[in-house]
Amino acid sequence: HRDLHLSLRRQRQMCIRDRLDYMWDIPDNEDADVTVEVTAGSWYWGFEYANGYEKPEEFTKCSSNINCLEVPANSIIRFNVTSVDNLHAFYLPDMGIKQDAVPGLNTATWVDTSIVSARDEPYRIYCTEYCGNSHSQMLAEIYVTEVNDA
């Protein structure tokens with residue numbers, strides 16, 4: 001009976017270890033389908049596509065790169081995150097991402113957009129690090145859009 005308990009415990013530990021390895025295995029910029037430079041400021045999120053990524057014609061939902069981002073469905077997206085003023089935290093609850101945005105420091109996180117549905121409604125981006133009087137207004141949207149690869 002004790003051996004079975006130890007075996008089940010070891011299996012759980014291995015599952016947790018494998019999940020953590022997966023989460024921390026951030027793809028390099030060149031290995032991601034899209035790399036997005038994320039800049040936090042009081043009180044906005046700025047987004048820029050990196051590495052010469054050309055915005056597909058299907059991307060029609062964001063009129064600005066401030067507080068709005070559109071990414072392709074079924075893709076590996078790398079986010080390079082920083083801040084221009086104070087601590088912020090880049091939080092996409094529907095995608096399981098939370099990454100600190102620190103002035104003068106580049107941090108990174110990623111998501112496989114196949115874990116969420118492509119849809120016309122946005123997923124929400126929040127700041128979860130109190131950053132001043134308008135912290136609660138630091139909201140952004142991310143759209144996951146189907147793109148024709150033709």
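It should be noted that the structure appears before, not after, this text.
Here we summarise the structure given alongside this text. Residue positions are given per chain, counted from 1 along the sequence in the order it is written. A pLDDT threshold of at least 70 governs which residues receive local features in this predicted model, and a stricter bar of 80 or more applies before side-chain atom pairs are shown or counted, although totals over entire chains, interfaces and linings include all residues. To get the side-chain values, take all heavy atoms of the structure and skip hydrogens and water.

### Some thoughts on the overall build of the chain
- Counting from the N terminus, the helices are DSSP H or I runs at least four residues long and the strands are E runs at least two residues long. Helix and strand counts for the chain come out as one helix and nine strands.
- Listed by position from the N terminus, the elements making up the chain come as α-β-β-β-β-β-β-β-β-β.
- Each residue gets one of three labels from its accessible area relative to the maximum for its type: buried under 20%, exposed over 50%, partly exposed in between, using a 1.4 Å probe on protein chains only. Taken over 150 residues, the chain has a buried fraction of 39%.
- By the convention used here, residues are in contact when the closest approach between their heavy atoms is within 4.5 Å. The contacts in the chain between residues at least 6 apart in sequence include a share of 60% that link residues at least 24 apart.
- For the chain, the exposed surface amounts to about 9,100 Å²; the carbon and sulfur share of it is 47%. Per-residue and other accessible areas follow the Shrake-Rupley method at a 1.4 Å probe size, with only the shown protein chains counted as cover for residues.

### A look at the state of the cysteines
- Cysteine sulfur atoms are paired as a disulfide whenever they come within 2.5 Å of each other. Going through the model one piece at a time under the given rule, you end up with one disulfide.
- Cys127 forms no disulfide, and the closest cysteine sulfur to it belongs to Cys131, at a distance of 4.0 Å.
- Judged by its relative accessible area of 7%, Cys127 falls in the buried class.
- The class for Cys131 is buried, based on a relative accessible area of 6%.

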